[in-house]
Amino acid sequence: MLLSGCGRADNRVLEEVVEQVYTVEPGANISIHNYDGAILLYGSDVNEVRVRSLKRAYSHERLNQIGIDVSTKPDAISITAKVPPQPKWAFWDHSGTVDCTIVVPATASISALDLNAGEVLLDSMRGPEVHARLNDGRFFARNCFTNLDLTVNRGTLALSYEWWQEEKFSAQATMIQGNAWVWLPSEAAFHLLARAADGKIVNDFNNLPVSAHSSGTEMKIDQIINGGGAATINVGVEKGNIKIAEANP
């Protein structure tokens, strides 16, 4: 009875939108950091970075404490969503999330994209490289013909290509705990590497059988698909399953 009287009388979520635009070079180096919420990154044929930040909190005080710090140079930009530390006492306001929707030059290099909890989306990047890390949540990478280096500690990962480009690139995804899905067109030519340390692999491009480790818990694939081409898809999961799906564009 005492605990029920300690909750907030008003649990309405307050929101505030901040929009910013910065001019950068097409091959700029970009880093993005957020703690709780989302990072939605879209590559486009632009020479600028557009940042739309949706801040959410339960109180005006908490909302005003959330900041978006941006540091810019012609060839580099750093975007950091800053949320005040969570209070230690049980009934204080623990709210505060930021959803960042960011449009960048598709040819930019993403040196760091880091989110603690929430959702990450990468769409249509084709620059030199993308390094991204998610601690807990959902990760989507779509039509990114670039060198991807993706890490998810816990959650789900979906890597998809709606069409195929015959060029040299690699997509390396590592998960500690969770399930990974990879969707590729039936005509895609690539080198497939997959490893499930404690789980299963299902492969639609099943020209060769999946090899199982002698321990009975680890499964691996090392396979050339449609002649191999210059692309490499490498997915590893420590605890969880992998699905390699053949999907027509």
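The structure we're discussing is the one just above.
Keep in mind that this is a model prediction, so the values were computed, not measured. Every chain's residues receive numbers from 1 upward, in the order its sequence appears when written. Owing to the predicted nature of the model, reporting of local features is limited to residues with pLDDT of at least 70; listing and counting of side-chain atom pairs is limited to 80 or more, with chain, interface and lining totals taken over all residues. Excluding hydrogens and water, the side-chain figures rest on all heavy atoms present in the structure.

**Description of the nonpolar core**
Step number 1: Counting 64 residues, the largest nonpolar core has L122, F139, L148, Y161, F190 and I233 as its most contacted members.
Step number 2: Numbering of helices and strands runs from the N terminus; a helix is a DSSP stretch of H or I covering at least four residues, while a strand is a stretch of E covering at least two. In terms of residue count, the dominant contributor to this core is strand β10 (residues 170–184) (six residues).
Step number 3: Residue contacts are counted whenever heavy atoms from the two residues lie within 4.5 Å of one another. Apart from residues lying up to four places away in sequence, F190 is in contact with W164, L184, F205, Q223, I224, I225, G228, G229, A231 and I233. The nonpolar core is taken to be a set of buried Ala, Val, Leu, Ile, Met, Phe, Trp, Tyr and Cys residues, with the residues joined through side-chain atoms within 4.5 Å. Working definition: with a 1.4 Å probe on protein chains only, accessible area under 20% of the residue-type maximum means buried, over 50% means exposed, and in between means partly exposed.

**Some points on the pairing of strand β16 (residues 242–246)**
Step number 1: Relative to β16, β10 is paired through five bridges, and the arrangement is parallel. When the bridges of β16 are listed, L184 appears paired with E246.
Step number 2: Should DSSP find at least two bridges between two strands, the strands are regarded as paired. Relative to β16, strand β12 (residues 201–203) runs parallel, the two being bridged by three bridges. Counted as the bridge partner of N203 is I244 from β16.

**Description of the environment of P26**
Step number 1: Looking at the secondary structure, you find P26 in the loop between β1 (14–23) and β2 (29–44).
Step number 2: Taking the C-alpha atoms as reference points, P26 and T107, 81 residues apart in sequence, are found 5.9 Å from one another.
Step number 3: Setting aside residues up to four positions removed in sequence, P26 forms contacts with N47, P105, T107 and A108.

**Digging into a negative patch on the surface**
Step number 1: Patch members must show over 30% relative accessible area and no salt bridge, and they are joined within 9 Å when carrying like charges or within 5 Å when they are nonpolar side chains of Val, Leu, Ile, Met, Phe, Trp or Tyr. Here, Shrake-Rupley sampling with a 1.4 Å probe gives the accessible areas, and only protein chains in the shown set may cover a residue. Each salt bridge in this description consists of a side-chain nitrogen of Lys or Arg and a carboxyl oxygen of Asp or Glu lying within 4 Å of one another. Lys and Arg are tallied as positive, Asp and Glu as negative. Neither His nor the chain termini are counted. A charge is said to be at NZ when it belongs to Lys, at CZ for Arg, at CG for Asp and at CD for Glu. A grouping of E166, E167, E187 and E246 is seen on the molecular surface, where their side chains present a negatively charged patch.
Step number 2: Positionally, E166 belongs in the loop between β9 (147–160) and β10.

**Regarding the packing of aromatic side chains**
Step number 1: Only rings of Phe, Tyr and Trp enter the pairing, Trp through its six-membered ring, and a pair is recorded when the two centres are within 6.5 Å. The plane angle decides the type: under 30 degrees is stacked, over 60 is edge-to-face, the rest tilted. Scanning the entire structure with this criterion turns up nine aromatic pairs.
Step number 2: Ring plane angle 55 degrees and centroid distance 5.1 Å describe the contact between F145 and Y161, whose orientation is recorded as tilted. Of this pair, F145 sits in the loop between β8 (129–142) and β9 while Y161 sits in the loop between β9 and β10, placing them 16 residues apart in sequence. An identical accessibility class is assigned to F145 and Y161; each is buried.
Step number 3: Three or more aromatic residues joined by ring pairs make a cluster, and in this case those are F145, Y161, W163, W164, F169, F190 and F205.

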